[in-house]
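# An overview of the molecular structure
Read off the chains here:
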Amino acid sequence: MSTDLEPAGSRGAPADSRGALGTTAAAQASLHLGALTDEAITIIREVAAECENPVLLFSGGKDSAVLLHLALLAFAPARLPFPVMHVDTGHNFAEVIDYRDRFVAQTGVRLVVASVQASIDSGRVVEDTGPRASRNRLQSVTLLDAIAEHGFDAAFGGGRRDEDKARAKERILSFRDRQGRWDPRQQRPEPWGVLNARIRKGEHLRAFPLSNWTEVDIWNYIALHEVELPTIYYSHTRTVVERDGMLLSVGGPVVLEPGEEPFDAVVRYRTVGDASCTGAVESTASTVWDVIAEVAAARITERGATRADDTFSESAMEDRKREGYF
Amino acid sequence: MSTATAIAPRRTGQLGTLRIATAGSVDDGKSTLIGRLLHDTKTVFEDQLSAVVKASRRYGDGETNLALLTDGLRAEREQGITIDVAHRYFATTRRSFIVADTPGHAQYTRNMVTGASTADVAIVLVDARHGVVEQTRRHAFIATLLGVKGIVVAVNKMDLIDWDENEFTNIAKEVDEYVRALPTPVPVVAIPLSALLGDNVVDGSTHTPWYDGPPLLELLEEFDNQPRVEVGSRVHVQRVIRPQGGEFADFRGYAGVLAGGSLAVGDAVIVQPAGIRTTVAALHRAGKPVEVAEIGHALVVELADTVDVARGDVLVTADSTTAPGVGETVEADICWMIDQPLTVGSRWWFKHGSRTGRATVVAIDHRHDLATLDRAPTDQLGLNDLGHVRLHLSEPVVADRYVDNPDGGRLILIDEATNTTAAAAMVTSIAP
Ligand SMILES: Nc1nc2c(ncn2[C@@H]2O[C@H](COP(=O)(O)OP(=O)(O)O)[C@@H](O)[C@H]2O)c(=O)[nH]1
């Protein structure tokens, strides 16, 4: 009985993986990745067992792609016992939506779309205007409304503690009150990572199986399991404009300001979020191995390099998380 | 005093991820030390560093305050203290590290317990000017109680005592003697260092010619964190996997984590607590078939016979000489984590492995006085108290003593009214 339970879209380790995993350092990395994978799968199974109606937040970004891949592995060969949800800002990269729909079709998971545009249309939120308006912050309301509407009691997210100082303090299983708020001073202790999933009606949990992963770990997993990603994660030519040291894609929601000159650049994305505020980085990395080499040598965090919204203030992430953000 | 080789024997095999808990009193330099490790292993990114430089100026620090790299929450930055456990990650070419940075104040003992619960090694900071203080002893005690495999005493701020060898030796000796006298002693290694200047952290130091041990990072790179005690395998079953239809219509597997020992295809196992015997037919880890699984692995186990197995059950190797205890009466060391006190007769939820039920407190044997290490008789435990209790459970658990197998000997209590986690408990005995 040597059944391979890898989900569709993965074909096991690629032939050239030994190039990256052949050295001592790489062997250490793969031992580390194995332990992180065990931990994440254990968390996913535990939350699915203890909660009645969980959902997995799937943006089409690399962290959520890895998260979904792990969730499929956790229950294989059975189907994923919960749906996935995309909080759609309406400011999307076409490649990401295309990827999302293909991934969903291939794996047969159930997709719920919660639309920020619908929240705007119904008057739940008021959109900022002006050239720098971003829908990033509005997502919290749409997310909380969708959680309430569907009665979800747990939402899996791809958040990692290495992303931000406030995230570094977040529990694996993070409690949200009836208003969806996070109180960093009233967090449940989590000794040994034993998960306490007890909540009352109307409250919910956020579960972060990738808490202990770093950006490099994510890419190593993508390489090892051949996880498909939206093409914008790899090098391509794109028309961009430089703003506050960041390269923003032109042609989508980004509105040009006076004096800004669009130009073509060879870029890729390190994160994928709202197209209005997610920056590209100059890169010629066109394969997963190129990206791993680039990430290992990177000198700027992925959020610092690519998210205009997080560099505004030292506590930007903490403030948004308190309001119910991912 | 142990030499460095006692906890870091030179070995050639692969070493797994090292989990570190840091402890020390406020201002001993814990945040600075972690900032230094992150900085000198090139884990700190330029944008993080520039944010820290800016913030250092705003808070009026002269030098760049590396401690700001780790103090994440606004209140902590404003008050200059570490309130909550923060996690940090760094890697060298030899090993990956996960650091739980835990707070120093006595009122945050529960966070220290949480930080130490998963740690292989504790780094206990001592300010060289002040020597061993009550907090040092408290942290060493908690770390050994939670089962770290070694303690590194980081004698910090050596630059402020002129790199005095005698002072260092006295501190090292005092901690070593203290730990030797604890109920569960572990090897102790001391390092003279300056977190601020970097001496003996990542690189060696020209100021300590009398010190022939390795710098801190090298010690950590070689720290042996293999499980100390061998027990038979225990798989905590989390879920039954039944695809129902399709290619795998007849598939039935048990998803769970291996919480002790190792397990191989062909092993005879007993499903506890029911006591049914069967054999492992196949093992899967992360979707791939495997022949052998090790502690911590997330598995799907296929069994040779159709037997009744449900969430909460434990698969135990049949030939194990160290069979787990099965029973409803559990004695445990406990750390109390909420304001409302623990009293005899009180009722809580418990969670052990994947099993949940009710727990009633039958007796409180004593409270550990962390200053004197005395066992003080008491009829209740308050927030941040450590004590020893007897619990009666509504259903049997399949458990080990924590000292034999931490993964199988730990449980939490949950407050029925608020649902918050109320206690961390380490099993000392199991009886029917
Ligand atoms: N001279 C000297 N000062 C240090 C050293 N390590 C830390 N400090 C200073 O001691 C103070 C407290 O350090 P911090 O890391 O915030 O302590 P924590 O409360 O333990 O996290 C800060 O002003 C540091 O700059 C050291 O090795 N030598």
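Provided above is the structure to which this section pertains.
These notes cover the structure that comes with them. (Residues numbered from 1 in each chain as written. Chains lettered and ligands numbered in written order. Predicted model: local features only at pLDDT ≥ 70, side-chain atom pairs only at ≥ 80, totals over all residues. Heavy atoms only, no water.)

### So, the site of the ligand
Residue and element names in this part refer to chain B. Taken together, 16 residues form the shell around the ligand, and within it Asp27, Lys30, Ser31, Thr32 and Asp159 come nearest. Interatomic distance of 2.8 Å between a backbone N/O atom of Lys30 and an oxygen atom of the ligand. Contact between the ligand and Leu196: an oxygen atom at 3.2 Å from a main-chain N or O atom of the residue. Against a free-state accessible area of 580 Å², the protein chains account for coverage of 80% of the ligand. Among the residues forming the shell around the ligand, the class breakdown is five nonpolar, six polar and five charged. (Near = heavy atom within 4 Å. Polar contact = N/O pair within 3.5 Å; in protein donor to acceptor, adjacent residues only side chain to side chain. Areas by Shrake-Rupley, 256 points an atom, 1.4 Å probe, with all protein chains shown as cover. Nonpolar A, V, L, I, M, F, W, Y, C, P; charged D, E, K, R; others polar.)

### Some points on the pattern of salt bridges
Following the criterion strictly, the structure yields 38 salt bridges over all chains and no others. When the shortest N-O distance is used, the salt bridge between Arg176 of chain A and Glu170 of chain A registers 3.4 Å. For Arg176 of chain A, a relative accessible area of 0% corresponds to the buried category. Judged by its relative accessible area of 3%, Glu170 of chain A is buried. Across the pair Glu416 of chain B and Arg358 of chain B runs a salt bridge, and its minimum N-O distance is 2.1 Å. Placement of the pair is Glu416 of chain B in the loop between β23 (410-414) and β24 (421-431) and Arg358 of chain B in strand β19 (residues 355-368), with a sequence separation of 58 residues. Note on Glu416 of chain B: relative accessible area 29%, which makes it partly exposed. Taking the relative accessible area as the measure of exposure, Arg358 of chain B reaches 28% and is therefore partly exposed. Connected via shared salt-bridge partners are Glu46 and Glu50 of chain A together with Arg311 and Lys351 of chain B. (Salt bridge = Lys/Arg side-chain N within 4 Å of Asp/Glu carboxyl O. Buried < 20%, exposed > 50% of the residue type's maximum accessible area, 1.4 Å probe, protein only. Helix = DSSP H or I, 4+ residues; strand = E, 2+ residues; numbered from the N terminus.)

### Focus on the packing of aromatic side chains
Aromatic ring pairs are reported here in terms of the distance separating the ring centres and the angle at which the planes meet. Counting across every chain of the model gives 15 aromatic pairs over all chains. With a centroid separation of 6.4 Å and 80° between ring planes, the pair formed by Phe168 of chain B and Tyr211 of chain B is classed as edge-to-face. Of the two residues, Phe168 of chain B sits in helix α7 (residues 165-180) while Tyr211 of chain B sits in the loop between β6 (188-192) and α8 (216-221), which places them 43 residues apart along the sequence. Accessibility expressed as a relative area gives 8% for Phe168 of chain B, which makes it buried. Given the relative accessible area of 13%, Tyr211 of chain B is considered buried. Each member of the aromatic cluster is reached from another via a ring pair, and the members are Phe58, Tyr99 and Phe103 of chain A. The ring of Trp349 of chain B has Arg198 of chain A sitting right over it, with the charged end atom 3.6 Å from the ring centre. We note Arg358 of chain B situated over the ring of Trp349 of chain B; from NZ or CZ to the ring centre the distance is 4.2 Å. (Phe/Tyr/Trp six-rings, centres within 6.5 Å; stacked < 30°, edge-to-face > 60°. Lys NZ or Arg CZ within 6 Å of the ring centre and 35° of its normal.)

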